[in-house]
Amino acid sequence: MSAAEEKARAEVDAFFDDADMPDAPAEDLVGEMARFVKTYEKTLHDMQEAVSETMSETWDAMNDPIMLLMAPYDRDVLMKMISTDNQQLNKVVKVFAALRQEIDVLELEAERKFYAPLTMFGHTSTDDEDDLDGYDDDDETTAQKEGKTKDSPEVQMGKFLPFLQDLCNLVNRAYDVTRNLINQIACLYHQLQNLHSATFKNVHLECVYESLGKLLRVLLTLDTIIADNANIQRAWSLYKRMIKYVRSNPDRYDADDERLRVFEGLLLQLEQRVLSGRILAGCLHQDMGLVRGTTASKTLVSGNKIMYDEFTFIVTTLQKRYTMELNETVESFSRNKLVELACLYAIYRRLFEATSKPDKKLYRKLWDTQQKIPIVHLYGRSIWFMADFLVRYAPLETSGLKPKPAKVESTRRDLLRKMDLTFQDETEAMYLNVCMWMVRIESELVATERSNISAVVNARAKLLLRGILLANKIRNMVLAMLNMHLALREAFVSRNIRAISVCVEMLKAIQFTYHRRSKMIAENISHMLGQTTFTLKRIFHPIKKKLEKARRPNAEQLDVLASTNLGLQLLDCTPTADRRNALEIVLSIAQLKNMLRQKHQDEVRYQLWKLNLLADWQKIVRSTCSCDFLYWVTDLVPAFLDDVWQNPDQVNRMQYLFAGLRDCAPMLRSVEHQENKTEFLNAFKAELMGYLEGRILDPLCRQVETNLRLHIHSVVLAQASLRRKGDVKDLSRFIQLKPFNFFDEIVDIRNYVTHYLDTMFYNLTTVTLHDWRIYAEMRNLAHEMYGLDMTEVHLPGHSHYQDGLDVLEIMRNIHIFVARYAYNMNTQIFVERAFDQKHLHTINVDHITNSIRTHGAGIMDTTVNFTYQFLVRKFSIFSEFLFDDHIKSRLMKDIRFFKNEREKLDNKFPYVRAEKFNRAIRKLGVTDEGATFLDQFRQQITEIGNALAYVRMVRSGGLQQCSDSIRFVPDLSENVSFKESVSAGAGIDGADELDEKQREMLPELSAETKAAAANLDNVLQDLSKNFAEGTEYFQVLVNVFQAVFRGEKQQHLRNFYIITPPLMLNFVERTLQQKEALRKKGGRAEAAFSDDGFALGVAYILRLLDQDELFDSLHWFDSANDVLDQRLAALSKQAAGTRNNEDKQHMQLSAKRLAKTKHEFELLFYSLSGARIFFNDTLSKAKSSGGGGDGNDGGGEEKKEESTAGGDGGGAVPAAPPAPPAGNVPAAPPVGNVPPAPPAPPVASFDAGASAGIPPAPPLGTVPPAPPVPMAPPLPGDIGGII
């Protein structure tokens, strides 16, 4: 190798050995893997979307398998949380924190256990009235007969007594807590209390008073619920009357007097404490003095000036704070706070009514709040009015009230009208705010690397609170609207119905948004709480440092320092409910006068409010977004659904609406006056499902069906106007809606519509079976238009009913069928003969297959037997025609002519001779329709061929049915006996070597199983035999007739071969007329494109008479082809020599006619050749059977006919001996139970000049009765034995 080559090689090696060059195959592989991962990730995401049936990315909010409780929790008890060196402070904080904790427990117990049962008492789940008014003794009997549980009011109240006793215990506890709290406040804020003079004279425990107002609100709510439910008072009155009857005659009811008196005392206590509607009044008027001590209420409370001043300050402060944000865009507190304020004012007036005069200015301010907040919803149908409450619990006569007491009712109506006018606009504004909030919470909650963590947590906390405030505002709006209309009995404004529905949907959308972002909230809620507590600690740390630096702190400063240390200690721990209660008390103590600036005090109040919301956000969201109030306005649900139906683009609102209706379930399950606690829920669910079906689902199904029908009819009828494109709703939006949960069911609109259409199409197909194809097209159209995957209508043999015929009907009316239908041999189809019809019926192999599947394979042999009987009658007419003197003489003349002129004619039967025969036959006479005797004879042969074609189709259908059935059999070659497989010991090794006694002890299957196995063996054997062999029906029909046709008595039939040329010429002319009629509109001429029954009939008769060779000797098709070619050439030559345009046009038409005739002869030749193939297999068998003669016999007969005729062709033909009667053709014995043969059609008369046409066949099913054809004696070959 030269130096230059070595240098070039080194450069190449260095190029490929470069370490910095990336490995190209490796890069390609990594890129391919990356693309695969991305594709696979997308596929998994698509699968997740496909199987997801919920409205959120997380699990369904209504069916959480695992629920995340994010409220702070620990196991520390309250007494251990509060620990400082200041014992006096410890006692104060522990007492008030414990009382606040007890109030929270009472409130929670009342909400969960007592509100709903009291509201639902007396309501029924039937369609009757919702209360017990009008209940009589017959109602219970009627309900029992109808299977419904409807107890009498006395029974319901008896079941309700344990619940009322628990309620009474709750009320007693509330009374004790109220009195204890008032006593504690009175003892702390007293002129003799050193702690007050040292510290608490500048401390305002607002949180303690708020807890007191909360407890009083609970008692007021119980009072309102009981007063609004008239069923309770009615049932209580009836129950007391029943107890009175028992007391008057205790022996009759087996009652103990002592126990009865105790029971009456308990009932009296229940009535006085609970059922009298004075629960709150009883609490307000109880003695607030110390229970154990000498200090009376007057000295401790009403005469306590310091407590009075403190109470006045608290009520005034809370009134200013609550009324400041009324009806603002965002309300930072629940409107129940206004009720609590009124309750505080009521107990404030009650405590100091004897020692001080009420403040009229404060009273007017409270009275004026009803102009902004006219109504507050408590629970269920219970509502609260400020004016009514003040008049009842804290009346005060003063001037300057707005509105005046006499005009309160009219003012409320004015406010309602104003609400009706502005409600829709306010709803739209809130809708925009909610949409903005949802967009922000979905997009702004992802922190970037550059984001400040503190800022991100603060933004998330604000968004979390913002949603709660929006939900609170929406709930207040919709509750005020609904309750004002219900309270004032005013009709709802139609334009606000949709706005109410939108409010419900917004509430649920907010709740679902929180649930959708629950993962993010769970990850960040601890940071949000930590940031809030850090803000509070940052405010109070300077106070702590300032007090710690004091050289000689006084008692007040020491208390503040201790409370600050305790507050910081509580802030360092988990902010549970107990810690937050203690924290609010401690921070209230720490905020002494001049300790914090006003802005810092406001910041502390805001952070405490924020801390409470963040800690209990799940509970607050659940209660604020609850739509259980919809139970009381269920009558509006149809209007909600109608609005959705009118706006298909807003169909997604339905899932939120039904999610809101689900919120009624806890209230409906909490009934205590009936044993079955699910009865109300089931009735409510059935009512709502009825609304959904009546307003959405059923109209949707009908509209979809109508659209499908109009679309199909617009195509069939060619009327595009039927497709209403402009005013049709986009129904696909309803169908594309994902399934949504409704209680314990799933509402799937797509499945509902699909089931409706499947049921409708199936039922209508069974009624009108010939419309099956239209409904199949409608199913396909439903898939294309709406994406519905519908079920095929698997009706047995449904397709063969498209023309109203099946095998049995054709078999019973075969003489009509073969006359009214034309056969196409290539496609094996029968087409109805057309006489100016728009629709034609067809019969093909599939129809026959389905019919055999419907009726069984036994109808095949019966069909052949009926065909045989029909052929017997047809051959009778066939024999009479050929035996007629006029026909027979002409045929014999043609036979002699062809025999004598065979060499001159080049063994070709003259075409002109056939034309002459047709013209001569016409001279014998025609029918009213213009048909000659030769036309009728051709029709008879065509009907014979149609009958044979029908037999061929039945055989093909049977083979196809057998093939379809045999495909389920694994292997026909293996002879497996199922009967032996289920015998005793089958499948056990060594069972054959056992003796009889041992074999009897082996496990054995039941007799039914063995019988089933034997039946299966028989079925498989039959299917295998039929599939392997099959019956040659053409061979049977040839063998059964050929012996008679070739006998000595039927010598006249041997002239048939010579009439075939005129017959074929007649057939071709008729076929041309039928095909020309296809292009013409109207008229009564028959139109057809195929009639292969003639060719099949000719081939069959030639085989019966064994005249195939005689027919071939005529070389008829060659003769016709030569003559037509000569005539075409002559016309072409003549047309070339003429100059007259009219003559030339006439010649062109004639040439076109000759060309069509030649083409039809070619088609007939192909059809006849194909038909003769069907009977080739019968040639050897026919000869071996010994029946009939061969071609030589035909020649001998020809000589015999020639000698009988005598004379030349022009002489008269002497009369032939009379033909044998038609009865000489025997009928085959029936196979099985064969129905009686159909009546024979009238036999044509062939006398000269007679118009003996066969009348048109009547429609199927209307054939008049006729006497049956007499049966012929048995044939030598029994057809019954063959089949």
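Conventions and cut-offs
- Residues numbered from 1 in each chain as written.
- Predicted model: local features only at pLDDT ≥ 70, side-chain atom pairs only at ≥ 80, totals over all residues.
- Heavy atoms only, no water.
- Helix = DSSP H or I, 4+ residues; strand = E, 2+ residues; numbered from the N terminus.
- Buried < 20%, exposed > 50% of the residue type's maximum accessible area, 1.4 Å probe, protein only.
- Contact = heavy atoms within 4.5 Å.
- Axes fitted to C-alpha atoms, helices over the stretch in contact; angles between N-to-C directions.
- Parallel < 35°, antiparallel > 145°, perpendicular 65-115°, else oblique.
- Left-handed = near helix turned anticlockwise from the far one by under 90°.
- Salt bridge = Lys/Arg side-chain N within 4 Å of Asp/Glu carboxyl O.
- Phe/Tyr/Trp six-rings, centres within 6.5 Å; stacked < 30°, edge-to-face > 60°.
- Polar contact = N/O pair within 3.5 Å; in protein donor to acceptor, adjacent residues only side chain to side chain.
- Nonpolar A, V, L, I, M, F, W, Y, C, P; charged D, E, K, R; others polar.
- Patch = residues over 30% accessible without salt bridge, like charges linked within 9 Å, V, L, I, M, F, W, Y side chains within 5 Å.
- Areas by Shrake-Rupley, 256 points an atom, 1.4 Å probe, with all protein chains shown as cover.
- Pairing = 2+ DSSP bridges.
- Lys, Arg positive; Asp, Glu negative; His and termini not counted.
- Charge placed at Lys NZ, Arg CZ, Asp CG, Glu CD.
- pLDDT = per-residue confidence, 0-100.
- Arc of directions from axis to C-beta.

As a further point, take the overall build of the protein. Each helix and strand counted, the protein has 50 helices and seven strands in total. Residues classed as buried in the protein amount to 48% of the 1283 residues present. Considering only contacts within the protein whose residues lie at least 6 apart along the sequence, 81% involve residues at least 24 apart.

The subject of this paragraph is the packing of helix α30 (residues 749-767) against helix α31 (residues 772-786). Two elements in contact, α30 and α31, have axes whose closest approach is 10 Å; the angle formed by their N-to-C orientations is 170 degrees. The pairing of α30 with α31 is recorded here as roughly antiparallel in orientation. Where α30 crosses over α31, the handedness of that crossing is right-handed. Contacts between α30 and α31 involve Arg-750, Phe-761, Leu-764 and Thr-765 on the former and, on the latter, Trp-772, Tyr-775, Met-778, Arg-779 and Tyr-786.

In this section: the pattern of salt bridges. Close approach of charged atoms allows side chains with opposite charge to pair. Enumeration over the complete set of coordinates arrives at 49 salt bridges. Residues Glu-1160 and Lys-1075 are paired through a salt bridge, measuring 2.7 Å at the closest nitrogen-oxygen approach. Here Glu-1160 is found in helix α47 (residues 1141-1173), whereas its partner Lys-1075 is found in helix α43 (residues 1056-1078), with 85 residues between them in sequence.

Time to look at the packing of aromatic side chains. Applying the stated rule across the entire model yields 53 aromatic pairs. Centre to centre, the rings of Phe-909 and Trp-1116 are 6.4 Å apart; their planes meet at 65 degrees, and the pair counts as edge-to-face. Within this pair, whereas Phe-909 is found in the loop between α36 (885-900) and α37 (911-923), its partner Trp-1116 is found in helix α46 (residues 1116-1137), the two being separated by 207 residues in sequence. With respect to burial, Phe-909 and Trp-1116 carry one shared label: buried. Among the aromatic residues, ring-to-ring pairing joins Tyr-868, Phe-875, Phe-878, Phe-881, Phe-937, Phe-1041, Phe-1045, Phe-1056, Tyr-1100 and Phe-1175 into one connected group.

Here Asp-643 shows up in helix α25 (residues 637-646). A distance of 3.3 Å separates the side chain of Asp-643 from the side chain of Arg-498, its partner in a polar contact. Polar side-chain contacts of Asp-643 include one of 2.7 Å to the side chain of Arg-653. In contact with Asp-643, other than residues within four places in its own chain, are Arg-498 and Arg-653.

Moving on, we get to the packing of helix α15 (residues 360-368) against helix α16 (residues 386-393). At their nearest, the axes of α15 and α16 sit 9 Å apart, and the two run at 145 degrees to each other. Seen from α15, the contacting residues are Tyr-363, Leu-366 and Trp-367; seen from α16, they are Met-386, Ala-387, Leu-390 and Val-391. Classifying every residue of the contact of α15 with α16 by side-chain character gives seven nonpolar, no polar and no charged.

The grouping of Leu-29, Met-33, Phe-36, Val-37 and Tyr-40 at the surface amounts to a nonpolar patch, some 550 Å² of accessible area in total. Looking at the element boundaries, Met-33 is found in helix α2 (residues 24-51).

Glancing now at unusual backbone geometry. For the bond from Lys-402 to Pro-403, the omega torsion is 0 degrees, close enough to zero to count as cis. Locating Pro-403 in the fold gives a position in the loop between α16 and α17 (408-443). The backbone of Asp-254 sits at a positive phi, close to 55 degrees, despite the residue not being glycine. Mapped onto the elements, Asp-254 comes out in the loop between α9 (230-248) and α10 (257-275). Of the residues examined, Asp-254 reaches a relative accessible area of 73% and is grouped as exposed. Notably, Asp-906 is not glycine yet its phi reads approximately 60 degrees, a positive angle. Mapping Asp-906 onto the fold places it in the loop between α36 and α37. Owing to a relative accessible area of 52%, Asp-906 belongs among the exposed residues under this scheme.

On the basis of which strands lie adjacent, the open sheet formed by three strands has the order β5-β6-β7 and antiparallel pairing. A single partner strand is all that each edge strand has here, and the edge strands are β5 (821-824) and β7 (842-844). Adjacent strand axes in the sheet meet at a mean angle of 20 degrees, parallel and antiparallel pairs treated alike. Where β5 and strand β6 (residues 829-832) come together, four bridges link them in antiparallel fashion. Within the sheet, the bridge partner assigned to Asn-824 lies in β6 and is Ile-829.

What follows deals with the environment of Glu-832. The topology assignment puts Glu-832 in strand β6. Relative accessible area serves as the criterion here: at 9%, Glu-832 is assigned to the buried category. It is 9.4 Å that separates the C-alpha atoms of Glu-832 and Ala-819, two residues lying 13 residues apart in sequence. A polar contact of 3.3 Å, which involves the side chain of Glu-832, links it to the side chain of Arg-820.

Moving on, we come to a negative patch on the surface. There is a patch of like negative charges on the surface, built from Asp-251, Asp-254, Asp-256 and Asp-257. Looking at where Asp-257 falls in the secondary structure, it is placed in helix α10. Given the relative accessible area of 43%, Asp-257 is considered partly exposed.

Attention now goes to the environment of Arg-902. Within the secondary structure, Arg-902 sits in the loop between α36 and α37. What makes Arg-902 partly exposed here is its relative accessible area of 28%. Along the sequence, Arg-902 and Leu-1114 sit 212 residues apart, while their C-alpha atoms lie 9.1 Å from each other. Look past the residues within four positions of Arg-902 in its chain and what remains in contact with it is Asn-907 and Ser-1113.

Of all residues in the protein, 78% attain a pLDDT of 70 or more, and the chain-wide mean is 79. The lowest-confidence element of the protein is helix α50 (residues 1279-1282), averaging 34 in pLDDT; the highest-confidence one is helix α8 (residues 206-228), averaging 94. Below a pLDDT of 50 lies the segment residues 127-149, which in the model reaches 31 contacts outside its immediate sequence neighbourhood of four places, other chains included. Scored below 50 in pLDDT, residues 1178-1283 shows 163 contacts in the model against residues more than four places distant or in partner chains.

This part covers helix α24 (residues 617-624). For α24, the complete set of buried residues consists of Trp-617, Gln-618, Ile-620, Val-621 and Thr-624. Projected onto a plane normal to the axis of α24, the buried residues spread over an arc of 165 degrees and lie on a single side. Close packing links the buried residues of α24 with α18 (453-488), α19 (497-516), α20 (518-548) and α23 (598-615).

Quick look at the pairing of strand β1 (residues 376-379) now. Two elements, β1 and strand β2 (residues 382-384), share three bridges in a ladder whose sense is antiparallel. Bridged to His-377 within β2 is Ile-383. Where β1 folds back onto β2 in an antiparallel hairpin, the turn is made up of two residues, including Gly-380, whose phi is positive at roughly 60 degrees.

For the rest of this paragraph, the subject is the pairing of β6. Along β6, one buried face is formed by Ile-829 and Val-831 and the opposite face, lined by Phe-830 and Glu-832, is buried too. The turn joining β5 and β6, which pair antiparallel and follow one another in sequence, is formed by four residues; a positive phi near 50 degrees is taken by Gln-828. The pairing of β6 with β7 spans three bridges and is classified as antiparallel. Bridged to Phe-830 within β7 is Ile-843.

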